[in-house]
Structures are given as structure tokens and as C-alpha cells.
Amino acid sequence: MESKKDYNVKSPSPARLETDASVVHVVISVDNAGQRLDQALAKLLPDWSRNRIQSWILNGRVKLDEQSCTTKQKVWGGEHISIYPDVPVVEQQHVPEAILLDIVFEDETLLIINKPAGLVVHPGNGNWQGTLLNALLHHLPQLQCVPRAGIVHRLDKDTSGLLVVAKTIEAQTSLVRQLQQRTVKRDYLALVLGRVAGSGSIDAPVGRHPVHRTKMAVNMRGKPARTHYRVLEHLTGCSLLQCSLETGRTHQIRVHMHSIGHALVGDSVYGGKPGKMAAEIGMLLSVFPRQALHAWKLALCHPGNTQLMEWRSEIPDDLAVLLEQLRLCGQQDARNAFYKS
């Protein structure tokens, strides 16, 4: 006997939805009369995006009264819809690998990972193995059936910190929508060169560099990008900031901070090398092996129960050691200035 699930639709004359293991059955409500088929289904099936529903219609996975249909076809109420969702399969080359994961939180819907610096998130550009995606497929084989193994946002290879993974297509759709609506809160710790005068915001579009195509840059033809920053601590030769993303463009914090003359320490792509300063400080900053950027706080609405949840990650050892060394240098400089006065 087939197991069936009823979805409650708040309407005086609701549509009827039923599912089994491989098909979703919908009876269109009169409340949706006059709408396009894809519009009506997007309202009745909020767990799936309209783009996904459109692709199913175009691929013949949606039948209207057992007949083929189109996205623009009007519905008038009472139509019987059968949907045969496709099962996305992660590409063949993305094989499971036993890579240790630092799991901060996990339930039946979400996985929160504390990513170390040096770990590539998604295979590509010569990194086809040893990535976070390969590790996820080993930890949860069922992610073979979720696009990009549930990854909804990325961190650069040499950026450490928190990253959310969806364990179901429905959760992935919810998280993508939250990112699009800018309700996911992502805060970073960034150590930048120079003394940042105070808190502020950078509202400047980010796109491909017009000459160096492997780099990003503030580009008027790019996509809108906004970063808010707050000074947490002034250190010798640099400043520790909290950066909050309102958008999530590639290399956004790195590009934005470089654009105002405060590149991240250790950022070899966007000029994170110290200029003229005390030899000891310059040496500390110049040998730091990566951009000093850590995704330390993540907040979102849980896709399953809509509860607001927040996670924090401690500063990684390499950055913590650098900060402590800079503080010690600052104390020494203060003592030397005292004795000279």
C-alpha cells in the first residue's frame, strides 16, 4: 500500500496534494484559476523553486490530466497534475573520500561545518579530489541525490570557518531563498593592513577584473555588493575587523577591503603584503601563509521548523597565534616609548 502525505493549503477551496515514493499528485484549486501552470505549482509546492518546476515541465516530468503541458499553459481549477521529480546525481568524478570533517551541528536537515584553511569546497580548476564535497559524499552518501552535495555557499580555499550544507533538496531550496533574500547572516573576522579609522560600509559592485580575468575587482559592470565592517582592535601595523556580508560575491571582503586601501594580511592576490614598518612586525605579517579571514558567525532560519539558529567558530590557531604576537609587539613598542619619554 502506498504511503501518502497530505499538504495543508490555506484556502477556502484548497488544492489536493498527495505523494508517493516517486510521484507528486496535485489537484489544482479554483483559487489558482487563470494562473500559468508554473506559477500555480510554485505556490502549491513551496519546497521547490519555480525554476526547478519549470525545468521539470520542459523535460516532460509534469503531466496535466495525463497529457503533456507547457509552463505558460493556463489552469482553471480541477486539473489533475502528476509530477515526476528528477533525481539529480552528482557528477561521476565526484567520488566519496574519507576526509575528516569538523562538524559543529547536524540534524536530519542541516549540516554546519567548520572548514579549515586549505580545504577546497567544490571540485574544479585542477582540484578534483580532496575537497569538502568529496568529504561530504563519504559522510552522507545520500547527498549524491542533492545538487552540489547540498553546498549552497562557498568559502575560498584559504578562508576558514562556518559553512552550511543542506541534506535535502527542500532544505537546499529554502537556504538558497534565504541567501537571495539576504536573511542569512554571515560575519567574518578579518585582519587587514593599516589603521582603519572607524566602522563603515562599502557599497561597490564586484565583477571580473577587466585585465586579470582570474581576479575580481570593484567594477561598475559587476553585481551589487555591500560589506559592513566594524573595528574590533587596533594592532601594530594592522586592524582586526568584523565584516558582515549583505551580499555574497566572489572574494567580496577581500576585494572591498583592498579597494579602500586595507588589503587583508596574507592575501597574495589582492596585495596583502606589508609596506614600510618595523622589521619584526613586517616579518610577522609577510610570512602569514594565507589571507587572514575567518567566517566566525553564521545565523539562519532552520528550513524544517523556521527557528532562528546561530553558530560561532573559535579563531583558528594560526590566526590566534599571529594576533597574540602582534599584541606582544605592541606592548613592547609601548614600553620602549615610555622609557624614551
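If you're wondering where the values come from, they're calculated on a predicted model, not measured in any experiment.

How should I be thinking about the pattern of salt bridges in this particular structure?
In the structure shown here, the tally under the stated rule is 13 salt bridges. In this structure, the salt-bridge partner of Arg182 is Glu246, at a minimum N-O distance of 3.8 Å. Placement of the pair is Arg182 in the loop between helix H4 (169-180) and strand E8 (185-193) and Glu246 in the loop between strand E13 (238-245) and helix H5 (252-259), with a sequence separation of 64 residues. Between Arg254 and Asp267 there is a salt bridge whose closest N-O contact spans 2.8 Å. Note that Arg254 is positioned in helix H5 and Asp267 in the loop between H5 and helix H6 (279-286), a separation of 13 residues in sequence. Here Arg254 falls in the buried class, since its relative accessible area comes to 5%.

Hey, could you run me through the environment of Glu246 in this one?
Judged by relative accessible area, Glu246 falls into the partly exposed class, the value being 23%. Taking the C-alpha atoms as reference points, Glu246 and Leu179, 67 residues apart in sequence, are found 9.4 Å from one another. Those residues in contact with Glu246, other than ones at most four positions away along the chain, are Arg182, Arg226 and His228. A polar contact is formed between the side chain of Glu246 and the side chain of Arg226, at a distance of 2.9 Å. There is a polar contact of 2.7 Å between the side chain of Glu246 and the side chain of His228.

Quick question: what am I supposed to make of the layout of surface pockets here?
Here the idea is plain: a probe the size of a water molecule rolls over the atoms and shows the empty space left. Here the largest pocket is characterised by a volume of approximately 1700 Å³. Together, 47 residues line the largest pocket, and His153, Arg154, Gly248, Arg249 and Thr250 are the ones closest to its centre. Within the residue set of the lining of the largest pocket, elements represented by two or more residues are helix H2 (50-58), H4, E8, strand E10 (206-208) and H5. In the lining of the largest pocket, the residues fall into 15 nonpolar, 18 polar and 14 charged.

Would you mind going over the pairing of strand E15 (residues 308-312) with me for this structure?
In the case of a regular strand, side chains alternate between the two sheet surfaces. Taking every second residue as pointing to the same face, the buried face of E15 carries Met309 and Trp311, while none of Leu308, Glu310 and Arg312 on the other face is buried. Here five bridges tie strand E14 (residues 293-301) to E15, and the two strands are oriented antiparallel to one another. By the bridge assignment for E15, Ala299 is matched with Glu310. Where E14 hands over to E15, the hairpin turn is made up of six residues, of which Thr306 adopts a positive phi near 60 degrees.

Even after reading the chapter, I still don't get the confidence of the model for the chain, so can you show me in this structure?
Should the pLDDT be low somewhere, the predicted coordinates at that spot are not to be read in detail. Scored by pLDDT, the chain has a mean of 86; 88% of the residues are at 70 or more. Under a pLDDT of 50 for its full length, residues 1-14 has, in the predicted model, 24 contacts with residues more than four places off or in other chains.

In this structure, what is going on with unusual backbone geometry? I would like to understand it.
Leave glycine aside and you will find that most residues have negative phi; peptide bonds, for their part, are mostly trans. Notably, Ala149 is not glycine yet its phi reads approximately 55 degrees, a positive angle. One can find Ala149 in the loop between helix H3 (132-139) and strand E7 (160-166). The phi angle at Arg182 is positive, at roughly 65 degrees, despite the residue not being glycine.

I keep staring at the environment of Ala98 and nothing clicks. Help me out?
Turning to its location among the elements, Ala98 is positioned in the loop between strand E4 (80-83) and strand E5 (103-106). In this structure Ala98 comes out as exposed when scored by relative accessible area, which is 67%. Taking C-alpha positions, Ala98 is 8.0 Å from Asn134, a pair spaced 36 residues apart along the chain.

Which parts of the structure should I look at to understand the packing of helix H1 (residues 37-44) against H2?
The geometry of a pair of packed helices is captured by two quantities: the angle between their axes and the separation between those axes. Here H1 crosses H2 at 130 degrees, and the two axes come no closer than 9 Å. When the interaxial angle is binned, H1 and H2 end up oblique. Relative to H2, the crossing made by H1 is right-handed. In this structure, H1 uses Leu37, Asp38, Gln39, Leu41 and Ala42 to contact H2, whose residues at the interface are Arg50, Ile53, Gln54 and Ile57. Among the residues making up the contact of H1 with H2, the classes are represented as five nonpolar, two polar and two charged.

Explain the nonpolar core here, please?
Taken as a class, soluble globular proteins show a tendency for nonpolar side chains to be buried jointly. By size, the foremost hydrophobic cluster in this structure holds 53 residues, and its most contacted members are Leu37, Leu41, Val62, Ile81 and Ile83. Other than its neighbours up to four places away in sequence, Leu41 contacts Val26, Ile28, Ile53, Ile57, Val62, Ile81 and Ile83.

Would you mind going over H3 with me for this structure?
Side chains of residues three or four places apart in an α-helix project in the same direction, reflecting 3.6 residues per turn. Burial analysis of H3 places six of its eight residues in the buried class, which makes it a mostly covered element. Every buried residue belonging to H3 is among Leu132, Leu133, Asn134, Ala135, Leu136 and Leu137, and all of these are buried. Buried residues along H3 sit in contact with strand E6 (110-115) and E7. You can read the cap of H3 off the contacts: a side-chain oxygen lies 3.3 Å from the backbone nitrogen of Leu133, and it is on Thr131.

Could you clarify how one ought to interpret the side chain of Arg52 in this entry?
With respect to the helices and strands, Arg52 occurs in helix H2. Judged by its relative accessible area of 19%, Arg52 falls in the buried class. Not counting residues within four places of it along the chain, the set of residues in contact with Arg52 comprises Pro147, Ile169, Gln172 and Thr173.

What counts and what doesn't
- Residues numbered from 1 in each chain as written.
- Predicted model: local features only at pLDDT ≥ 70, side-chain atom pairs only at ≥ 80, totals over all residues.
- Heavy atoms only, no water.
- Salt bridge = Lys/Arg side-chain N within 4 Å of Asp/Glu carboxyl O.
- Helix = DSSP H or I, 4+ residues; strand = E, 2+ residues; numbered from the N terminus.
- Buried < 20%, exposed > 50% of the residue type's maximum accessible area, 1.4 Å probe, protein only.
- Contact = heavy atoms within 4.5 Å.
- Polar contact = N/O pair within 3.5 Å; in protein donor to acceptor, adjacent residues only side chain to side chain.
- 1 Å grid on protein atoms, 1.4 Å probe; cavity = no way out; pocket = protein on both sides within 12 Å on 5 of 7 lines; lining within 4 Å.
- Points joined across faces, edges and corners; volume = space filled by probe spheres on them.
- Nonpolar A, V, L, I, M, F, W, Y, C, P; charged D, E, K, R; others polar.
- Pairing = 2+ DSSP bridges.
- pLDDT = per-residue confidence, 0-100.
- Axes fitted to C-alpha atoms, helices over the stretch in contact; angles between N-to-C directions.
- Parallel < 35°, antiparallel > 145°, perpendicular 65-115°, else oblique.
- Left-handed = near helix turned anticlockwise from the far one by under 90°.
- Core = buried A, V, L, I, M, F, W, Y, C linked by side-chain atoms within 4.5 Å.

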